[in-house]
Amino acid sequence: MQTPGSSLATIRAETPLVHNITNFVAMNVMANVLLSIGASPAMVHAREEVAEFAALAHALTVNIGTADPDWGAAMCEAAAVMGEADRPWVFDPVGVAATRFRQDLSAKLLDLRPTVVRGNASEILALAGLGGAARGVDAGDSVEAAEDAALDLASRTGGVVAVSGPVDFVTDGTHAARVANGHPMMARITVMGCSLNGVIAAFCAGQPAFDATVAALAAYGVAGEVAGETAQGPGSFQVAFLDALYHLTPEALDTAARIEVVA
């Protein structure tokens, strides 16, 4: 298994271009997170140019948090480009259980076989057709409750599924791992999960998807732990988190990563 530190070193050496079709709330924070980790972000969602731009990118993220019909069509077009080019893309089914529009759009995106699906436990349960106790975009289920759903979803898509929580669960349907890094204050900052999608995509650019996803979760969590050592609250935590991502070294990541391979 490639180490998280070596995956981080690859990002820093190659500066992958990550194309993000994300929600309005996430754009600024997500762009700064990607710059801090060593990637190059782009926020492009106009239907007139998404396919053309996706062809230039090393990876793509799709987040349905504030999607509308035009954005939904753009997401599908960009995802199709990445699939045809065999380049990675990450799908975040934000609040998928909340409305029929989100469910229908998510079904179309799943048919395009995302490289990685990342969501909270309730979103993964809903996406797998197993219910879930979501409260809007917030999870009402434990990560453990969604592990079987993640395994099923990974088998159906042929990709990786990551369930975010206090201890993350990652599987490709055959292999599985848990990542225990992180800090409680991360849950008090909006779009931390949305921004994580970009980091996962950056790690997946040119790297094996399962190992890259595990590495991305570990890097994100370690940065959260470092930020939590000095932050006085959510405001200072956000600034400290960006600094921690920027200063994170491959050696420090390998030392601090808490990864349990379970299959």
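Below, the structure is looked at part by part.

1. Thoughts on the sheet that holds strand E3 (residues 59-63)
Here we have 9 strands laid out as an open sheet, ordered E2-E1-E3-E4-E5-E6-E7-E8-E9, and mixed in their pairing. If you trace the sheet from one side to the other, it starts and ends with strand E2 (40-43) and strand E9 (259-261), each paired once. Sheet twist, expressed as the mean angle between neighbouring strand axes with direction ignored, is 20°. Taken together, the 4 bridges between E3 and strand E4 (residues 89-92) define a ladder with parallel strand orientation. What sits directly across from Asn63, in E4, is Asp92. Along the sheet face, helix H2 (residues 27-37) touches strand E1 (17-21), E2 and E3 and points at about 160° away from the line of E2.

2. As for unusual backbone geometry
Positive phi, close to 55°, is recorded for Asp86, a residue that is not glycine. Along the chain, Asp86 turns up in the loop between helix H4 (69-85) and E4. In this structure Asp86 comes out as exposed when scored by relative accessible area, which is 70%. Of note in the backbone geometry, Arg113 takes a positive phi value of approximately 55° without being a glycine. Looking at the element boundaries, Arg113 is found in the loop between helix H5 (100-111) and strand E5 (116-120).

3. Here's the deal with the pattern of salt bridges
Considering all chains together, one arrives at 7 salt bridges under this definition. Notably, a salt bridge pairs Asp104 with Arg100, separated by 3.9 Å at the nearest N-O pair. Of this pair, Asp104 and Arg100 are both found in helix H5, 4 residues apart, which corresponds to roughly one turn of the helix.

4. Regarding the pairing of E1
When a strand is regular, its side chains alternate between the sheet's two faces. A large share of E1 lies buried, amounting to 5 of its 5 residues. Relative to E2, E1 runs parallel, the two being bridged by 4 bridges. Pairing of Asn20 across the sheet is with Met43, part of E2. Read as a crossover between parallel neighbours, the route from E1 over H2 to E2 is right-handed.

5. Let's talk about the environment of Thr3
When you line up the elements, Thr3 lands in the segment before helix H1 (4-14). Counting along the chain gives 212 residues from Thr3 to Ala215, while the straight-line C-alpha distance between them is 7.2 Å. Within the structure, the side chain of Thr3 is placed 3.3 Å from the side chain of Asp254, a separation counted as a polar contact.

6. Overview of a negative patch on the surface
A grouping of Glu48, Glu49, Glu52, Asp68 and Asp70 is seen on the molecular surface, where their side chains present a negatively charged patch. Mapped onto the fold, Glu48 is located in the loop between E2 and helix H3 (50-54).

7. A word on the nonpolar core
Counting 52 residues, the largest nonpolar core has Phe203, Tyr220, Phe237 and Phe241 as its most contacted members. The set of elements that each furnish at least two residues to this core consists of H1, H2, strand E6 (160-164), strand E8 (176-179), helix H8 (192-204), helix H9 (209-228) and helix H10 (234-247). Among residues more than four places away in sequence, those in contact with Phe203 are Pro4, Ser7, Leu8, Ile11, Ile37, Ala212, Ala215, Ala216 and Ala219. Residues Ala42, Ala79, Val163 and Ala176 belong to the second largest nonpolar core, which totals 43 residues.

What counts, and at which threshold
Residues numbered from 1 in each chain as written. Predicted model: local features only at pLDDT ≥ 70, side-chain atom pairs only at ≥ 80, totals over all residues. Heavy atoms only, no water. Pairing = 2+ DSSP bridges. Helix = DSSP H or I, 4+ residues; strand = E, 2+ residues; numbered from the N terminus. Axes fitted to C-alpha atoms, helices over the stretch in contact; angles between N-to-C directions. Contact = heavy atoms within 4.5 Å. Buried < 20%, exposed > 50% of the residue type's maximum accessible area, 1.4 Å probe, protein only. Salt bridge = Lys/Arg side-chain N within 4 Å of Asp/Glu carboxyl O. Right-handed = clockwise from strand over helix to strand, strands pointing away. Polar contact = N/O pair within 3.5 Å; in protein donor to acceptor, adjacent residues only side chain to side chain. Patch = residues over 30% accessible without salt bridge, like charges linked within 9 Å, V, L, I, M, F, W, Y side chains within 5 Å. Areas by Shrake-Rupley, 256 points an atom, 1.4 Å probe, with all protein chains shown as cover. Lys, Arg positive; Asp, Glu negative; His and termini not counted. Charge placed at Lys NZ, Arg CZ, Asp CG, Glu CD. Core = buried A, V, L, I, M, F, W, Y, C linked by side-chain atoms within 4.5 Å.

These values are about where atoms sit, not about what they do.
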